[in-house]
Amino acid sequence: MKITLGWLKEHLDTTAGVDEVVARLNRIGLEVEGVEDPAARLVGFRVARVLSAAPHPGADKLQVLSVDAGGGPVQVVCGAPNARAGLIGVFGQAGAVVPSNGMELRVAAIRGVTSNGMMCSSRELELGDDHGGIIELPDDAPVGQAFADYAGASDPVIDISITPNRQDCMGVRGIARDLAAAGLGRLKPLLPRHGADAAYAPLAEALTALADEAAMPPCAIAIRTDDPEGCPAFWGRTIHGVTNGASPAWIQRRLNAVGQRSISALVDITNFVMLDLGRPSHAYDLAQLHGAVNARKALDGEAVIALDGKHYTLSDRMTVIADAHGVHDIAGIKGGEHSGCSDATSDVLLEVAYFTPENIAMTGQALSLTSDARSRFERGVDPAFLDDAITIITALIIAHCGGTASTITRAGAPPLGIKMVAYDPTLCASLGGIDVAEGRQRTILESLGFTIASVRAEEGQSAREAPSRSTLRETASTGSAVPQGERPPGIIWAVTVPSWRRDIDGPADLVEEVTRIIGFDHIVSVPLPRAPGVAKPTATADQMTERKLRRAAAMLGLHEAITWSFIPEKEADSVGGGTWRESSWILANPISEEMKVMRPSLLPGLLSAAARNQARGAPSVRLFEIGRRYLADAERATLALIMAGAKSDRSWAAGKAKAFDAFDAKAAAIALLDAAGAPIDRLMVMGIEDAGGIWHPGQSGTLRLGPKTILAEFGALHPALTRAFDVDGGGVAAQIFLDALPAKRGGGVARDAFSPPPLQSVTRDFAFLVPDTMAAGDLVRVVKGADKAAIVDARLFDRFDGAGVPDGQLSLAVEVTLQPSDKSFTEAEIKAISDKVIAAAAKLGATLRT
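Each residue is numbered by its place in its chain's sequence as written, counting from 1. Confidence filtering applies because this is a predicted model: local features only for residues at pLDDT of at least 70, side-chain atom pairs given and counted only at 80 or more, and all residues used for totals across whole chains, interfaces and linings. Side-chain numbers come from the whole structure's heavy atoms, not from hydrogens or water.

Next up on the list: the overall build of the chain. Going along the chain from the N terminus, every DSSP run of H or I of four or more residues is numbered as a helix, and every run of E of two or more is numbered as a strand. Helix and strand counts for the chain come out as 22 helices and 40 strands. Note on method: radius of gyration uses C-alpha positions; expected globular size equals 2.2 Å times residues raised to 0.38. Relative to a compact globule of 850 residues, whose C-alpha radius of gyration would be 29 Å, the chain shows 41 Å and is clearly more extended. With respect to the three principal axes, the spread of C-alpha positions in the chain is 115 × 95 × 60 Å. Residues are treated as being in contact if the distance between any of their heavy atoms lies within 4.5 Å. In the chain, 69% of the contacts between residues at least 6 apart in sequence involve partners at least 24 apart. Under the convention used here, a 1.4 Å probe and the Shrake-Rupley method define accessible areas, while residue burial counts only the protein chains that appear. Working note: accessible area of the chain is about 40900 Å², and carbon and sulfur atoms make up 52% of it. Positive charge is attributed to Lys and Arg, negative charge to Asp and Glu, and no charge count is given to His or to the chain ends. By convention, the charge on Lys lies at NZ, on Arg at CZ, on Asp at CG and on Glu at CD. The distance from the centre of the 83 positive side-chain charges to the centre of the 101 negative ones in the chain is 6 Å.

Shown next as structure tokens:
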């Protein structure tokens, strides 16, 4: 639902700006999806006068104009047939962007004549469909003024998302009513009889043109409803002698601003009232109607051509408006093509009806047909607004199109049952969570249209218990009002729900009305009371760590698996090399031979799961499991992961699909250790002394804290192991030993406050010749520790063993990052640090490569 700020202020007496209005709308539950400044689309377009018009020397259909847009004459080439000297129109100067097609205007030569912009049509500025000529403005239009200001197009447009239960806010007035209740202004009376002060100006002026109904002739056509289920009420009247031209400029501006296309005065007026007051209606060309107009059920298979030019086949569950010749209208959703109003229309039948919301929703869904009218009727329009609505629309038509109106024919009756709700104001605090004074609650509800009477609860009931609605109706008229703040015990409020709020059904709905106007942000968060017997949180630190690891593994793209804790002896042999028999548990009476051994490793279960996934066509398998390894001395909490198959899909850019390698397993292990809180900046990468038939020699390693504390193993799985489990394409894996993680103190790891260095860092590269048996991680570690005060990072960035490198040696290049603290390093200081680095590397047998 789109509205403009200026349109809103026609109903709401307020000085609030657009930002304040948007903030208040969001606070009371009317979510604003966006705010648009329409003036931004018309930047560079100004009111201009054509000083002269001469034929183009190179084109018969073009003219060369001299145009004054407030800055002196400029030359413009124009092809509009109505371009002439003295015309005042809209000029788009160079640099402006045409709204209809996004074209940026430039100074350009057209058939050899320079043109400095463009005179614009209505379609080009998206102000209408007219493209037969350029816009013609009145003679008193101010030359040089920005066209957005002249056309009133600088009014901000607010886009509001209306939820299905708020049918009352499907018109500008309903939104204004909510804002007035929220204290943002005063709601103006809609009609003069509703108040002594000035009413809503457009309607007050139009109503003066409407004669007294007693002096009107009878309606010229019979109206009835034969479908009280789908159309309980059908009001209609004829208006003779209308002139259907362009609608008033103020109506066109409002419709255009919210994205509605201006069509003609009759159509625009009905659309305006729909958007303004939430009340759809329809005007028929009386000359196209034959016999009585009737709201009835469609015949099964009956067809109609709607205003959108499409054919719709109807069923006997749908309500239509028809005459003696057939269907004219899909009731409440879309009008018919042949009975719509045109420029030649002189007599109209104005229809204002009430259609059952459920029936409209069913019809719209069955026909896959949406419309502005449907969105309002299926929510439920105000059933008490038929008389006022037909009066208002008639007044606007007569004021702007002329004509003589007939009396109103009323067929059927709208559902006007009075709904009353028993309400105890203390519910606002106990149910809504906000303690609002009773006087304030009364003011809010009454400003939203509710009426309140104080009644005594039925005998034996407390004020918190609801009397029957019949009792409320009987006592509300006789029960005396209780002064605010003095409601005695046993007295409750009998709240009469306004006719436009079909969503209100019980006291909880009234609590919601009060709390949303006060603001849901005032509700204090209160924990629920702990019921007796409900245990307090008991998760241990280890269990919390496992939860973090599950989330971290999922973020890495791994899928959690849960495998059996019992495995066959053969599988235990494959990951234990026979030594497991000394340290694992073998069941004396297993369920089967396949479940005889308590697993010494999680890898057999994951390998079997990977093989099953591949057998079912999975090209890439990424699994992890958190569980227990069962050893002779204890159960060991472990996280294991396996990645097998294709790492990435084949593509034209990447070529053949890539497989996982040991570095993928290493990266995953480090990421998971980081999530578990391990100090990954102090990790050592070392080899595996005994691969045990699990790991591929030379493609595996361990992550340690110190030489003896192994936190994880990673690497490519041994080919014999993957073959034994029928895993295709090899695979990589990692095991993280959770019981080896360092214990956290103080309930967790606190990060240091972010403190960016005040000075720029310095990097230096070193290339060392080292024995080919040396681990690169050892070299990086000693380099980083050469000067702990100045060196903040060191990383390996190159490995070379080609020409120029002696046999048995490698060239390893390390980038060292130096960070000054209080002043920049001098060349001498950098050289001293470099010497320390070279000396530290030399202790490992590395020499600087020259």
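Each pair of strands is called paired provided DSSP finds at least two bridges between the two strands. Judged by pairing direction, the sheet is mixed, and its seven strands sit side by side in the order β28-β31-β32-β36-β35-β34-β33 without closing on themselves. Strand pairing shows two members of the sheet lacking a second neighbour, β28 (559–560) and β33 (684–686), which therefore form its edges. Sheet topology note: the strand β32 (residues 635–645)/strand β36 (residues 731–737) ladder contains seven bridges and is antiparallel. Its bridge partner lying in β36, Ile-642 is registered against Ala-733.

With that settled, consider the pairing of strand β35 (residues 709–717). Relative accessibility decides the category of a residue: with a 1.4 Å probe and only protein chains considered, values under 20% of the type maximum give buried, values over 50% give exposed, and everything between is partly exposed. Of all nine residues in β35, seven are buried; the element is thus mostly enclosed. Summarising the sheet, strand β34 (residues 695–705) and β35 pair through seven bridges and their orientation is antiparallel. Bridge pairing in β35 places Leu-703 opposite Ala-712. The loop that links β34 with its antiparallel partner β35 comprises three residues; one of these, Gly-706, has a positive phi angle of about 80 degrees.

It is worth spelling out the side chain of Arg-516 at this point. For Arg-516, the position within the fold is in helix α14 (residues 507–518). Under the relative-accessibility criterion, Arg-516 is labelled buried at 3%. Distance and chemistry together define a polar contact, namely a pair of N or O atoms within 3.5 Å, with one atom able to donate a hydrogen and the other to accept it when in protein, and with adjacent residues in sequence counting only for side-chain atoms on both sides. One polar contact links Arg-516 to Asp-178, side chain to side chain, over a distance of 2.9 Å. Every residue in contact with Arg-516, bar those within four places of it in the chain, is listed here: Arg-27, Ile-28, Arg-166, Asp-178, Leu-448 and Arg-501.

Among the secondary structure elements, Leu-810 is positioned in strand β39 (residues 809–818). For Leu-810, the residues in contact, after removing those within four places along its chain, are Phe-768, Leu-769, Val-770, Asp-772, Arg-799, Phe-800, Asp-801 and Val-805.

Here the term cavity refers to a set of points on a 1 Å grid, laid over the protein atoms alone, in which a 1.4 Å probe fits but cannot get out; the term pocket refers to an open set having protein on both sides within 12 Å along at least five of seven lines, with lining residues being those that place an atom within 4 Å of a point. Grid points are joined across faces, edges and corners, and a volume is the space filled by probe spheres set on the points. Approximately 1400 Å³ is the volume found for the largest pocket. Elements with a minimum of two residues in the lining of the largest pocket: α19 (662–675), β33, β34, α21 (776–784), β38 (791–800) and β39. In terms of residue class, the lining of the largest pocket is made up of 18 nonpolar, eight polar and ten charged. By volume, the second largest pocket amounts to about 1100 Å³. As for the second largest pocket, its lining consists of 43 residues, of which Leu-127, Ala-249, Gln-252, Arg-253 and Asn-256 are closest to the centre. Looking at the lining of the second largest pocket, the elements with two or more residues in it are β1 (2–4), α1 (5–11), α3 (147–150) and α6 (249–257). Looking at which element gives the most residues to the lining of the second largest pocket, the answer is α6, with seven residues. The residue classification treats Ala, Val, Leu, Ile, Met, Phe, Trp, Tyr, Cys and Pro as nonpolar and Asp, Glu, Lys and Arg as charged. All others, Gly included, are polar. When the residues that make up the lining of the second largest pocket are grouped by side-chain class, the tally is 18 nonpolar, twelve polar and 13 charged.

The next thing to look at is the confidence of the model for the chain. The quantity called pLDDT is the predictor's confidence in a given residue, expressed from 0 to 100. Looking at the chain, pLDDT values average 88 and 91% of them are 70 or higher. Long-range and interchain partners of residues 194–198, a stretch whose pLDDT sits below 50, account for six contacts in this model, where long-range means more than four residues apart. Contacts of residues 745–749 to residues separated by more than four positions or lying in other chains number two contacts, the stretch itself having pLDDT below 50.

This brings us to the nonpolar core. Ranked by internal contacts, the top residues of the largest apolar core, which has 119 residues, are Ile-175, Leu-314 and Tyr-423. In terms of residues, this core owes the most to one element, helix α10 (residues 386–401), which gives ten residues. Residues within four places of Leu-314 in sequence aside, it is in contact with Ala-298, Leu-299, Asp-300, Gly-301, Glu-302, Val-304, Val-320, Val-327, Ile-330 and Leu-367. To qualify as a nonpolar core, a set must consist of buried Ala, Val, Leu, Ile, Met, Phe, Trp, Tyr and Cys residues joined through side-chain atoms within 4.5 Å. Ranked by size, the runner-up nonpolar core spans 30 residues in total, among them Ala-552, Leu-558, Leu-673 and Phe-714.

On to the sheet that holds strand β37 (residues 762–771). Spatially, four strands are ordered β38-β39-β37-β40 in an open sheet, and the strand pairing comes out antiparallel. The strands lining the two open edges of the sheet, one partner per strand, are β38 and β40 (847–848). With ten bridges joining them, β37 and β39 adopt antiparallel strand pairing. Pairing of Leu-769 across the sheet is with Ser-811, part of β39. Contacts between α21 and the sheet are confined to β37, β38 and β39, with β38 contributing the most and set at about 150 degrees to the helix. Axis definition: a line fitted to C-alpha atoms, over the contacting stretch in the case of helices. Angles run 0 to 180 degrees between N-to-C directions. Set on the sheet, helix α22 (residues 827–842) makes contact with β37, β38, β39 and β40; between it and β37 the angle comes to about 25 degrees.

Our focus in this paragraph is α6. Along an α-helix, a turn takes 3.6 residues, which lines up residues three or four apart on a common side. Along α6, the residues classified as buried are Ile-251, Arg-254 and Leu-255. Seen from one end, α6 has its buried residues packed into an arc of 95 degrees, which puts them on one side. A positive phi of about 90 degrees marks Gly-259, the residue just after α6. The arc in question is the one traced by the directions running from the helix axis out to the C-beta atoms.

The next thing to look at is the packing of α6 against helix α7 (residues 265–277). Packing of α6 against α7 brings their axes to within 10 Å, and their N-to-C directions diverge by 55 degrees. Viewed along their axes, α6 and α7 adopt a mutual orientation that is oblique. The interaxial crossing formed by α6 with α7 has left-handed handedness. Seen from α6, the contacting residues are Trp-250, Ile-251, Gln-252, Arg-254 and Leu-255; seen from α7, they are Asp-268, Ile-269, Asn-271, Phe-272 and Leu-275. Residues of the contact of α6 with α7, tallied by class, amount to six nonpolar, two polar and two charged. An angle counts as roughly parallel when it lies under 35 degrees, as roughly antiparallel when it exceeds 145, as roughly perpendicular when it falls between 65 and 115, and as oblique in every other case. Left-handed is the label given to a crossing in which the near helix is rotated counterclockwise from the far helix by less than a right angle, and right-handed is the label when the rotation is clockwise.

Before going further, it helps to spend a moment on the pattern of salt bridges. The working definition used for a salt bridge is a side-chain nitrogen of Lys or Arg within 4 Å of a carboxyl oxygen of Asp or Glu. This model, assessed by the stated rule, comprises 31 salt bridges. A salt bridge links Arg-410 to Asp-387; the shortest N-O distance between them is 2.9 Å. Remark: Asp-387 occurs in helix α10 and Arg-410 occurs in strand β24 (residues 409–412); sequence separation between them is 23 residues. Judged by its relative accessible area of 41%, Arg-410 falls in the partly exposed class. Taken together, the salt bridges that share partners define one network made up of Arg-166, Asp-168, Asp-178, Arg-501, Asp-503, Glu-513 and Arg-516.

A separate point is the packing of aromatic side chains. Each aromatic pair joins two rings of Phe, Tyr and Trp (for Trp, the six-membered one) with centres within 6.5 Å, and gets the label stacked for planes under 30 degrees apart, edge-to-face for over 60, and tilted for any other angle. All told, the structure shown has six aromatic pairs when counted by the stated rule. Seen in terms of ring centroids, Trp-250 and Phe-272 are 5.2 Å apart; in terms of plane orientation they differ by 90 degrees. Their pairing is edge-to-face. You can see Trp-250 sitting in helix α6 and its partner Phe-272 sitting in helix α7, a full 22 residues away along the chain. Classification of Phe-272 by relative accessible area gives buried; the value is 0%. Centre to centre, the rings of Phe-766 and Phe-768 are 6.1 Å apart; their planes meet at 10 degrees, and the pair counts as stacked. As far as burial versus exposure is concerned, Phe-766 and Phe-768 are alike and both buried.

The next thing to look at is the state of the cysteines. Count a disulfide wherever a pair of cysteine sulfur atoms falls within 2.5 Å. By the definition in use, this model includes zero disulfides. You can see Cys-120 has no disulfide; the closest cysteine sulfur is in Cys-78, sitting 9.3 Å from it. On the basis of relative accessibility, which here comes to 0%, the residue Cys-120 falls in the buried class. Cysteine Cys-169 shares no disulfide, and the gap to the nearest cysteine sulfur, in Cys-428, comes to 19 Å.

Two elements, β33 and β34, share three bridges in a ladder whose sense is antiparallel. Its bridge partner lying in β34, Met-686 is registered against Thr-702.

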